[in-house]
Amino acid sequence: QKEVEQDPGPLSVPEGAIVSLNCTYSNSAFQYFMWYRQYSRKGPELLMYTYSSGNKEDGRFTAQVDKSSKYISLFIRDSQPSDSATYLCAMSFRGSGGYQKVTFGIGTKLQVIP
Amino acid sequence: GAGVSQSPSNKVTEKGKDVELRCDPISGHTALYWYRQRLGQGLEFLIYFQGNSAPDKSGLPSDRFSAERTGESVSTLTIQRTQQEDSAVYLCASSKSRTDTQYFGPGTRLTVL
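The rules behind these values
- Residues numbered from 1 in each chain as written.
- Chains lettered and ligands numbered in written order.
- Predicted model: local features only at pLDDT ≥ 70, side-chain atom pairs only at ≥ 80, totals over all residues.
- Heavy atoms only, no water.
- Helix = DSSP H or I, 4+ residues; strand = E, 2+ residues; numbered from the N terminus.
- Rg over C-alpha atoms; globule rule 2.2 N^0.38 Å.
- Buried < 20%, exposed > 50% of the residue type's maximum accessible area, 1.4 Å probe, protein only.
- Contact = heavy atoms within 4.5 Å.
- Areas by Shrake-Rupley, 256 points an atom, 1.4 Å probe, with all protein chains shown as cover.
- Lys, Arg positive; Asp, Glu negative; His and termini not counted.
- Charge placed at Lys NZ, Arg CZ, Asp CG, Glu CD.
- Polar contact = N/O pair within 3.5 Å; in protein donor to acceptor, adjacent residues only side chain to side chain.
- Disulfide = S-S within 2.5 Å.
- Core = buried A, V, L, I, M, F, W, Y, C linked by side-chain atoms within 4.5 Å.

**Brief notes about the overall build of chain A**
At step 1: When helices and strands are tallied, chain A shows 0 helices and 11 strands.
At step 2: Written out in order from the N terminus, the α and β elements of chain A read β-β-β-β-β-β-β-β-β-β-β.
At step 3: On C-alpha atoms alone, chain A measures out to a radius of gyration of 14 Å, which is about the 13 Å that the 2.2 N^0.38 rule sets for 114 residues.
At step 4: Counting only C-alpha atoms, chain A reaches 45 × 30 × 25 Å along its principal axes.
At step 5: Classification of the 114 residues of chain A by burial places 46% in the buried group.
At step 6: Residue pairs at least 24 apart in sequence account for 54% of intrachain contacts in chain A once pairs closer than 6 positions are excluded.
At step 7: In the structure as shown, chain A presents an accessible area of about 5600 Å², 48% of it carried by carbon and sulfur atoms.
At step 8: With 12 positive and 10 negative side-chain charges, chain A shows a separation of 8 Å between the mean positions of the two kinds.

Here you go:
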């Protein structure tokens, strides 16, 4: 079983739809939870960063963490064609080198149709 | 300010050749990371630098892979005797400290023929 499971999609939605992206994880040591967006042939860019269970909102994006179920979600409201990208969930814990060791999901490819 | 830069952006090489990939982190970032992203797979951690030492190189897949960093700046990832399974995008990230958010470069797309 992978430490982080994420459906690779692709996921196609019409413009304006609410998008729900999800990941599950097995390692209860994970402390920080992140979502990255990666456009084609670009490096990942950080979208959201959370520590505790609950919701965090930033504009059209809401990140949700449920540590008891080991489940995280990213919701995108009023989706736009410019949101078309691959969304990577990521989670981290303090590794043996004293740094935040990050494990990434495989990424979900999202296409928003105009 | 300037982000993480990587060069070359694309590299095509023949099986058995050595390649060097370069990463320029954000100025002032002490921590630097290398990842590999193979087609259809998630990012795999390769190595972490704090300054010019590498406390965690557990992700390097074989002794053909090595990396070094000069001070708190440029890092090079070297792959010797490349194999076709080394074909991937190699991503570099840096962070202000070992516990801060990682910022990624655009990656180097390596193709081994």
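**Digging into the side chain of Gln100 of chain A**
At step 1: Along the polypeptide, Gln100 of chain A turns up in strand S10 (residues 100-104).
At step 2: The class for Gln100 of chain A is buried, based on a relative accessible area of 7%.
At step 3: Within polar-contact distance, the side chain of Gln100 of chain A engages the side chain of Ser92 of chain A at 2.9 Å.
At step 4: Excluding anything up to four places from it in sequence, Gln100 of chain A contacts Gln31, Tyr32, Ser92, Phe93 and Arg94 of chain A together with Arg98, Thr99 and Gln102 of chain B.

**With respect to the state of the cysteines**
Every disulfide links exactly two cysteines, by a covalent bond between their sulfur atoms.
At step 1: Taken as a whole and judged by the stated rule, the model has 2 disulfides over all chains.
At step 2: Between the sulfur of Cys23 of chain A and that of Cys89 of chain A lies a disulfide, 2.0 Å long from S to S. Around the S-S axis, the bridge from Cys23 of chain A to Cys89 of chain A shows a dihedral of about -100 degrees and counts as left-handed. You can see Cys23 of chain A sitting in strand S3 (residues 19-25) and its partner Cys89 of chain A sitting in strand S9 (residues 85-94), a full 66 residues away along the chain.
At step 3: Since its relative accessible area comes to 1%, Cys23 of chain A is described here as buried.
At step 4: Residue classification places Cys89 of chain A among the buried residues on the basis of a relative accessible area of 0%.
At step 5: The disulfide partner of Cys23 of chain B is Cys92 of chain B, and the S-S distance across this bridge is 1.9 Å. Between Cys23 of chain B and Cys92 of chain B the disulfide shows an S-S torsion of about -65 degrees. By sign, it is left-handed. Of this pair, Cys23 of chain B sits in strand S3 (residues 19-24) while Cys92 of chain B sits in strand S9 (residues 88-95), and the two are 69 residues apart along the sequence. In this pair, the class of Cys23 of chain B matches that of Cys92 of chain B, namely buried.

**Regarding the nonpolar core**
At step 1: Trp35, Ile72, Leu74, Ile76, Tyr87 and Met91 of chain A are the most contacted members of the largest nonpolar core, which totals 24 residues.
At step 2: Contributions of two or more residues to this core are made by S3, strand S4 (32-38), strand S5 (45-50), strand S7 (61-66), strand S8 (71-76), S9 and strand S11 (108-113) of chain A.
At step 3: If we skip the residues at most four places from it in the chain, Ile72 of chain A touches Leu21, Asn22, Cys23, Tyr25, Phe33, Met34, Trp35, Gln64, Val65, Cys89 and Met91 of chain A.
At step 4: Formed by 19 residues, the second largest nonpolar core is a distinct cluster that contains Ile26, Leu77, Leu110 and Val112 of chain B.

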